[in-house]
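# What the coordinates show
Here is what each chain is made of, one letter per residue.
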Amino acid sequence: MGVGLFNLSPVLAQNIDLSHGGQITVTALGGFDWDQNNKSVTAYDQAKAVRGNVTVTADRLVALYRKKAGSDDNTQPKPEENAGQKNGGDITKNDSGSNEIYRLNAYGHVHIYTNTDQAWGDKAVYDIDQATLVLTGKNLKLTTPQNLMTAKDAMEYHSQTRMSVGRGDASVTNLKDGRRITADVLVGYSKPTDEKDPKAKSTPANTPANNNDDMTRSSKLEKVNAFGNVVVRTQTETVRGDRGVYVPDTGIARVVGNVHITRGANQLNGNGAIINMKTGIAHMTESPGRRVQGLVVPNESNNQPK
């Protein structure tokens, strides 16, 4: 059976991608169950799926497959050769070349990782046709070398648009300096992996690093849109609002809608604010003709928000 899969990024993890590449090899200590009626293969006990540099581990993996377009369906997987193997097995050994996996489901202690990016959850569903990954469960987390994303309800990655979504008390934290933004929903966009840093040294075309391409380079977070109960914290101030946008490269965040800037006992209220998260300074902005309102405590006058 032809086996192939996975793609996540993230808010961030563009390189956790099983949607293209060679075959996916699946192994498990508990062996496999084939359901030829429903066209599925289930791997039990420390199940692992590997494609290129992407690895998925879980308590149980379920691969759904179908006949490839234009192929003859004269052969079927042979479960008796692999089912019940206790020391692991490779379901690609009986590859007929006529089938393809279109969905991979992972259950229990799910961990998805490459050389640079990692994601964790209790359940993962990867839709190959849509190149979409959805993670659910407790302690949802996605990391790249630069950023950490967490969420309570769900995390999604859409590889075709390089879009990552955190739902439910979601947060994105810069791992180098601790800059953090939280909201009900965060939507992050990553730069394409072919947009190389102009300062980076070029790699000869025939080197192994270049041949691995997307699978070895971590994606870089380009922009984060925030919706609902947005909170941006700097070293000295907390800014709250309805919506926001954050650009990690510049460290600039803009928050709009019922904005409150708080520093100690001081508070300013308005319709918008621009925050420089590198300097920790927030500026209240307003529409023409509208006033900024605030409370300034006299003995903290030297620490007012600007």
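Reading the values: rules and limits
Residues numbered from 1 in each chain as written. Predicted model: local features only at pLDDT ≥ 70, side-chain atom pairs only at ≥ 80, totals over all residues. Heavy atoms only, no water. Helix = DSSP H or I, 4+ residues; strand = E, 2+ residues; numbered from the N terminus. Buried < 20%, exposed > 50% of the residue type's maximum accessible area, 1.4 Å probe, protein only. Areas by Shrake-Rupley, 256 points an atom, 1.4 Å probe, with all protein chains shown as cover. Salt bridge = Lys/Arg side-chain N within 4 Å of Asp/Glu carboxyl O. Pairing = 2+ DSSP bridges. Phe/Tyr/Trp six-rings, centres within 6.5 Å; stacked < 30°, edge-to-face > 60°. Lys NZ or Arg CZ within 6 Å of the ring centre and 35° of its normal. pLDDT = per-residue confidence, 0-100. Contact = heavy atoms within 4.5 Å. Core = buried A, V, L, I, M, F, W, Y, C linked by side-chain atoms within 4.5 Å.

Within the chain one finds 1 helix and 18 strands. Taking all 306 residues of the chain together, 46% fall into the buried category. As displayed, the chain offers around 15000 Å² of accessible surface, 46% of which is attributable to carbon and sulfur atoms.

What follows deals with the pattern of salt bridges. Counted according to the given criterion, the structure contains 7 salt bridges. Measuring nitrogen to oxygen at the nearest pair gives 3.5 Å for the salt bridge that ties D127 to R103. Note that D127 is positioned in strand β6 (residues 118-127) and R103 in strand β5 (residues 99-113), a separation of 24 residues in sequence. Note that E237 and R263 form a salt bridge whose closest N and O atoms lie 2.7 Å from each other. With E237 in the loop between β13 (221-233) and β14 (238-247) and R263 in strand β15 (residues 252-263), the pair connects residues that are 26 residues apart, well separated along the chain. Grouping residues by exposure puts E237 and R263 together as buried. One continuous salt-bridge network, built from bridges that share partners, spans R66, E100 and D129.

Let us now look at the pairing of β13. Two elements, strand β12 (residues 180-190) and β13, share 9 bridges in a ladder whose sense is antiparallel. Bridge pairing in β13 links I181 to V232. Where β13 folds back on β14, the antiparallel hairpin that results is connected by 4 residues.

Our focus in this paragraph is the packing of aromatic side chains. Per the counting criterion, the structure on display carries 1 aromatic pair. On the basis of an interplanar angle of 50° and a centroid distance of 6.1 Å, the ring pair of F32 and W34 is categorised as tilted. Between the NZ or CZ atom of R60 and the centre of the ring of Y107, over which it lies, the distance is 4.2 Å. In this structure, K141 packs its charged tip against the face of W120, placed 4.8 Å from the ring centre.

A separate point is unusual backbone geometry. Apart from glycine, the bulk of residues carry a negative phi angle, and the bulk of peptide bonds sit in the trans form. Here the phi dihedral of D45 falls at roughly 65°; this positive angle occurs in a residue that is not glycine. Tracing the chain through its elements places D45 in strand β3 (residues 40-51). Of note, the phi angle at R162 is positive, near 55°, even though the residue is not glycine. Secondary-structure assignment places R162 in the loop between β10 (154-158) and β11 (163-174). For R162, a relative accessible area of 26% translates into the label partly exposed.

The subject of this paragraph is the confidence of the model for the chain. Taken over all residues, the pLDDT of the chain has a mean of 76, while the share at 70 or more is 70%. Of the regions scoring below 50 in pLDDT, residues 1-14 engages in 113 contacts with residues more than four places distant in sequence or in other chains. Scored below 50 in pLDDT, residues 74-96 makes 57 contacts in the model with residues more than four places away or belonging to other chains.

Here we come to the environment of S159. Mapped onto the fold, S159 is located in the loop between β10 and β11. Given the relative accessible area of 13%, S159 is considered buried. Separated by 28 residues in the primary sequence, S159 and A131 have C-alpha atoms spaced 5.8 Å apart.

On to the nonpolar core, then. Core analysis: the biggest nonpolar cluster contains 57 residues, and L61, I112, L135, L186, V232, V239 and I275 have the highest contact counts within it. Examining the composition of this core, we find that 6 residues originate from one element, strand β4 (residues 54-67), more than from any other.

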